[in-house]
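Remarks on the overall topology
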Amino acid sequence: MEILRTIDEVRRTCNALKRGDRTLGLVPTMGALHVGHLSLVRAAKASCDAVAATIFVNPTQFGPNEDFAAYPRTFEQDCAMLEREGVDVLFAPAREEMYPAGAETFVDIPMVGGRLDGASRPGHFRGVATVVAKLFNIFQPTCAFFGQKDAAQVAVLRTMVRDLNFDVEMVVCPTVREVDGLAMSSRNRYLSAEEREQALVLERALRRVERVVAEGERDSDRLRGELRRELEDAAGVRLDYAEIVDARSLEPVSDVGDGVLVAVAAWVGKTRLIDNVVIGAEDAR
Ligand code: PAF
């Protein structure tokens, strides 16, 4: 696996990798890799001729009081994991390579990007969209792979790809869960043993909504109420949002049918976790 630090090197290497109509899959990450990330790499390996990954803890997607400085950085371990998966190229730029002095252009997606996590974390999706747009321009991949766990991010990036005419196919891979149901996340490593237990309520609440929908309930206000109650009553957990929305626009829906996104975010201690299910869809466990 080649580890590249500059945009020029990436352009040269990707041009060679894509020669003769070969396809390139891109897996953008912030590192601190877990099996969820590896599932994206495996999906990319299965469908593309060459695979590139990126590790960049993107400062523009963190708010001033968020965990940018504390975000786990496990570069050596991450490299070993990507190497084992057969990734061809890893791009791990310095901050100045991605945001040189004077950089002032951002990609803003005010409506979709202002809902769910975008409402709780103002500016977050502006940072995500900007860095992903830059990575799409740098790599010009055939396909890019993202996790369903970040459902709002997926909706924002799909909107960006549509509106800015990126010639990139978005591939969304199922959420990967620990055996007890907790969605895998780099931030899970912040949790104490007690918080790790308390965090299970997110998945429990989502599964309960799925069950109630399967029993015939379609009224999203009632379902939202149940979801909120379960999370609000849970010890050690502070609800951020519990919403039932259209998966593309992230706008609240009144009737729940297949394809509707049930999404939650909650603080467990000092750690903010998110999870979701799509009604009627298979979810990897
Ligand atoms: O999902 C993530 O890890 C990040 O938001 C991403 C897409 C790599 C952009 O920094």
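Heads up: the structure comes first, above all this text.
Report on the accompanying structure. (Residues numbered from 1 in each chain as written. Predicted model: local features only at pLDDT ≥ 70, side-chain atom pairs only at ≥ 80, totals over all residues. Heavy atoms only, no water.)

1. Comments concerning the sheet that holds strand S9 (residues 271-278)
- One open sheet holds the three strands; their spatial order is S7-S8-S9, and the pairing between them is antiparallel. Edge positions in the sheet fall to strand S7 (237-246) and S9, since each of these pairs with one other strand and no more. Here the average twist between neighbouring strands, direction ignored, is 15 degrees.
- As defined by bridge partners, S7 adjoins strand S8 (residues 260-268) across nine bridges and the pair is classed as antiparallel. Of the residues in S8, the one forming a bridge with aspartate 246 is valine 260. (Pairing = 2+ DSSP bridges. Helix = DSSP H or I, 4+ residues; strand = E, 2+ residues; numbered from the N terminus. Axes fitted to C-alpha atoms, helices over the stretch in contact; angles between N-to-C directions.)

2. So, the site of the ligand
- With respect to spatial proximity, the complete set of residues near the ligand consists of Pro28, Thr29, Met30, Asn58, Gln61, Val128, Val131, Val132, Phe146, Asp150 and Gln153.
- Within the contact set of the ligand, an oxygen atom lies 2.7 Å away from a side-chain nitrogen or oxygen of glutamine 153.
- Coverage of the ligand by the protein chains reaches 88% of its 290 Å² of free accessible surface.
- Listed by contribution, the elements that provide at least two residues to the shell around the ligand are strand S2 (24-29) and helix H6 (124-139).
- If one sorts the elements of the shell around the ligand by residue count, H6 sits on top with three residues. (Near = heavy atom within 4 Å. Polar contact = N/O pair within 3.5 Å; in protein donor to acceptor, adjacent residues only side chain to side chain. Areas by Shrake-Rupley, 256 points an atom, 1.4 Å probe, with all protein chains shown as cover.)

3. Remarks on the sheet that holds S2
- Strand order in the open sheet formed by six strands is S1-S4-S3-S2-S5-S6, with parallel pairing between adjacent strands. Two strands lie at the open edges of the sheet, namely strand S1 (2-4) and strand S6 (169-173), each paired on one side alone. The sheet shows a mean angle of 25 degrees between the axes of neighbouring strands, direction not considered.
- Across three bridges, S1 lies against strand S4 (residues 89-91) in parallel orientation. Each residue of the ladder has a partner; that of leucine 4, found in S4, is phenylalanine 91.
- Packed onto the sheet, helix H3 (residues 75-85) meets S1, strand S3 (50-55) and S4 and runs at close to 170 degrees relative to S3. (Contact = heavy atoms within 4.5 Å.)

4. As for the pattern of salt bridges
- Per the counting criterion, the structure on display carries 18 salt bridges.
- The partner of arginine 42 in a salt bridge is glutamate 85, and the shortest N-O contact between them spans 2.8 Å. With arginine 42 in helix H2 (residues 35-47) and glutamate 85 in helix H3, the pair connects residues that are 43 residues apart, well separated along the chain.
- Note on arginine 42: relative accessible area 43%, which makes it partly exposed.
- Residue glutamate 85 is classed as buried on the basis of its relative accessible area, which comes to 17%.
- Residues joined in a network through salt bridges with shared partners are Asp221, Arg224, Arg228 and Glu243. (Salt bridge = Lys/Arg side-chain N within 4 Å of Asp/Glu carboxyl O. Buried < 20%, exposed > 50% of the residue type's maximum accessible area, 1.4 Å probe, protein only.)

5. Examining the packing of aromatic side chains
- Enumeration according to the criterion identifies five aromatic pairs in this entry.
- Arranged with centres 6.2 Å apart and planes meeting at 40 degrees, the rings of phenylalanine 56 and tyrosine 99 form a pair that is tilted. With phenylalanine 56 in the loop between S3 and H3 and tyrosine 99 in the loop between helix H4 (95-98) and helix H5 (117-120), this pair connects stretches of sequence that are 43 residues apart. The same class applies to phenylalanine 56 and to tyrosine 99, which are both buried.
- Seen from their ring centres, phenylalanine 136 and phenylalanine 166 are 5.5 Å apart, and the 75 degrees between their planes marks the pair as edge-to-face. Note that phenylalanine 136 is positioned in helix H6 and phenylalanine 166 in the loop between helix H7 (151-163) and S6, a separation of 30 residues in sequence.
- Judged by relative accessible area, phenylalanine 136 falls into the buried class, the value being 2%.
- The class of phenylalanine 166 is buried, set by a relative accessible area of 16%.
- Members of the aromatic cluster, joined through ring pairs, are Phe62, Phe68 and Tyr71.
- Lying across the ring of phenylalanine 68, arginine 73 places its NZ or CZ 5.0 Å from the centre. (Phe/Tyr/Trp six-rings, centres within 6.5 Å; stacked < 30°, edge-to-face > 60°. Lys NZ or Arg CZ within 6 Å of the ring centre and 35° of its normal.)

6. A look at the pairing of S6
- Two strands pair when backbone bridges link them, and strand S5 (residues 143-147) and S6 are joined in this way by five bridges, in the parallel orientation. Looking at the pairing, cysteine 143 lines up with glutamate 169 of S6.
- You can see the chain leave S5, run along H7 and come back into S6, and the turn it takes is right-handed. (Right-handed = clockwise from strand over helix to strand, strands pointing away.)

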